[in-house]
Structures are given as structure tokens and as C-alpha cells.
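Observations on the three-dimensional arrangement
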Amino acid sequence: MAEPNFNDWNRQIIEEFRTHGGKVGGPFEGVTLLLLTTTGAKSGQKRINPLTYLLDGERLFIFAAKGGSPTNPDWYHNLVAHPQVTVELGTERFEATAVLIEGEERDQLYAKETQVHPGAAEYEKKTTRKIPVVELVRRNSSS
């Protein structure tokens, strides 16, 4: 059962991210990471995942690559079921709505992602599924 180890690994990244204002070391040193909090599609429980992201102008995108595996990651299923998410970017925390990007715009954004994170091109080659691209649209907080 590799799942608990993966959860421990994620927990360490999350702790390091929060301790160091969004910066982490190890394999993610210098990589742009955010923390995405979703609501479990089946459990209803809050789930936090560290993810790489692409900033395109003011727009923020994440990619459901899951290392090129044949299935989408659990967090993707969660945000499809419950698109209201919380994003931690550096020391900032905000509410957002997850919006699936499709068609030509999706293809253009994934191409940009492969330029910033070359591993993304490998993920796409390893799988037959089309890796989902999701925009995290900041919700205006009423103050």
C-alpha cells in the first residue's frame, strides 16, 4: 500500500510550503507550487494537494497530469464535483472556482505548460487521455 507514504510525502510538502511562504526544497526547489484545497467528491472531506501551476497573465491554471497515468488524479474528480476551492499561493490564501478549459484554448495552454515545465510533455506522451486543464478563477470576497 503506497498511499500512506504518498500522503506523508504530501503532508511534508504542505508543511514546508506553509512554513516558508510557498517555497519548498528537494525535488520541487525553484518550482512554482500552490496548495489546492478541494472537497472530496464522495467523502465531503477537505483535501489539500500541492500542485505546479501556470500563471498566464492574471490567469492561474493547473493540470491534471498525474505523472501521465491513465486516470485523472483524485483532486480533479473532487473539483469537478465541487468546483469551489481554496488556493494558497505563496503567503496568500483565496477562494476560487475551478473551470475546465477545453478545445483549442486547452491545447494552447498545455503547450505553454510544456515550455515552463518540460516534464508535462512527457506526461502527455505516456497517456492516451487528454490531460485536463483547469483555470482557478478567483472569487471576489465580499468585505
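Described below are features of the structure shown in this document.

Procedures and definitions
All residue numbers refer to positions counted from 1 along the written sequence of the respective chain. For a predicted model such as this one, the threshold for reporting local features is a pLDDT of at least 70, and the threshold for listing and counting side-chain atom pairs is 80 or more; totals across whole chains, interfaces and linings nevertheless cover every residue. The basis for every side-chain value is the complete set of heavy atoms in the structure, and neither hydrogens nor water enter the calculation. Residue burial is assigned from relative accessible area. The probe radius is 1.4 Å, only protein chains are included, and a residue is buried under 20% of its type maximum, exposed over 50%, and partly exposed in between. Under the DSSP-based scheme used, a helix requires at least four consecutive residues in state H or I and a strand at least two consecutive residues in state E, with every element numbered from the N terminus. Picture the helix axis, draw a direction to every C-beta atom, and the arc is the one those directions span. We call two residues in contact whenever any of their non-hydrogen atoms come within 4.5 Å of each other. Only the stretch in contact is used when fitting a helix axis, every axis being a line fitted to C-alpha atoms; angles between N-to-C directions are given from 0 to 180 degrees. An angle counts as roughly parallel when it lies under 35 degrees, as roughly antiparallel when it exceeds 145, as roughly perpendicular when it falls between 65 and 115, and as oblique in every other case. Three residue categories are used. Nonpolar comprises Ala, Val, Leu, Ile, Met, Phe, Trp, Tyr, Cys and Pro, charged comprises Asp, Glu, Lys and Arg, and polar comprises the others, including Gly. Stacked, edge-to-face and tilted are the three classes for Phe, Tyr and Trp ring pairs, Trp counted by its six-membered ring, which pair at centre distances within 6.5 Å; planes under 30 degrees apart are stacked, over 60 edge-to-face, the rest tilted. Sitting over a ring, as applied to charges here, requires NZ of Lys or CZ of Arg to be within 6 Å of the ring centre and within 35 degrees of the ring normal.

What about helix 2 (residues 74-81)?
Since the α-helix turns once every 3.6 residues, residues separated by three or four places project in the same direction. Of all the residues in helix 2, the buried ones are Trp75, Tyr76, Asn78 and Leu79. Take helix 2 and look down its axis: the buried residues cluster within an arc of 160 degrees, on one side only. In helix 2, the exposed positions that point more than 90 degrees away from the buried face belong to Asp74 and Val80. Along its buried surface, helix 2 packs onto strand 1 (33-39), strand 2 (46-52), strand 4 (59-63), strand 5 (84-89), strand 6 (92-101) and strand 7 (133-138).

Examining the packing of helix 3 (residues 103-116) against helix 4 (residues 119-126)
In a packed pair of helices, the relevant descriptors are the angle between the two axes and the axis-to-axis distance. It is the contact of helix 3 with helix 4, at a shortest axis distance of 7 Å, that shows an interaxial angle of 125 degrees. Classified by the interaxial angle, the pair formed by helix 3 and helix 4 is oblique. The residues of helix 4 that touch helix 3, namely those facing Arg106, Tyr110, Glu113 and Thr114, are Ala120, Ala121, Tyr123 and Glu124. Of the residues that constitute the contact of helix 3 with helix 4, the class distribution is four nonpolar, one polar and three charged.

Considering the packing of aromatic side chains
Tallied over the full model, the rule gives two aromatic pairs. The interplanar angle of 50 degrees and the centroid separation of 5.6 Å between the aromatic rings of Trp9 and Phe28 together place this pair among those described as tilted. In this pair, Trp9 is assigned in helix 1 (residues 3-19) and Phe28 in the loop between helix 1 and strand 1, connecting sequence segments 19 residues apart. A cation over a ring is seen here: Arg138 above Phe94, with NZ or CZ 3.8 Å from the ring centre.

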